[in-house]
Amino acid sequence: MIKTQSIVLIFLLLFFSGCGQEESYPWSDDDLDVVLNENSEKMVLLDFETDW
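Residues numbered from 1 in each chain as written. Predicted model: local features only at pLDDT ≥ 70, side-chain atom pairs only at ≥ 80, totals over all residues. Heavy atoms only, no water.

Caption draft 1: Fine view of the packing of aromatic side chains. Overall, the coordinates contain 1 aromatic pair when judged by the stated rule. An angle of 20 degrees between the planes, with centres 6.3 Å apart, marks the rings of Phe11 and Phe15 as stacked. With Phe11 and Phe15 both in helix α1 (residues 2–18) and 4 residues apart, this pair spans about one turn of that helix. With relative accessibility at 55%, the residue Phe11 sits in the exposed group. Residue classification places Phe15 among the partly exposed positions, given a relative accessible area of 44%. (Phe/Tyr/Trp six-rings, centres within 6.5 Å; stacked < 30°, edge-to-face > 60°. Helix = DSSP H or I, 4+ residues; strand = E, 2+ residues; numbered from the N terminus. Buried < 20%, exposed > 50% of the residue type's maximum accessible area, 1.4 Å probe, protein only.)

Structure below.
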C-alpha cells in the first residue's frame, strides 16, 4: 500500500512540476546546410512538415 502511494505521489509530482512552463523550444529557420556546418560535432534533430 505504501509503495503504491509512493509511486502515485512521485508520478503526480513529476507531472505537475513540468506543466505550466511557458518556455518554448528555440526552433531554427536556417537552411539545413547552415545548421549542419554550425553543429558539425553535435547531433541534429530534423523535423519535416509536408502538406499532402
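Still more ground to cover, so stick around.
Caption draft 2: Region of the structure containing a negative patch on the surface. On the surface, Asp29, Asp30, Asp31, Asp33 and Glu38 cluster together into a negatively charged patch. Topologically, Asp31 is positioned in the loop between α1 and α2 (32–38). For Asp31, a relative accessible area of 55% gives the class exposed. (Patch = residues over 30% accessible without salt bridge, like charges linked within 9 Å, V, L, I, M, F, W, Y side chains within 5 Å. Areas by Shrake-Rupley, 256 points an atom, 1.4 Å probe, with all protein chains shown as cover. Salt bridge = Lys/Arg side-chain N within 4 Å of Asp/Glu carboxyl O. Lys, Arg positive; Asp, Glu negative; His and termini not counted. Charge placed at Lys NZ, Arg CZ, Asp CG, Glu CD.)

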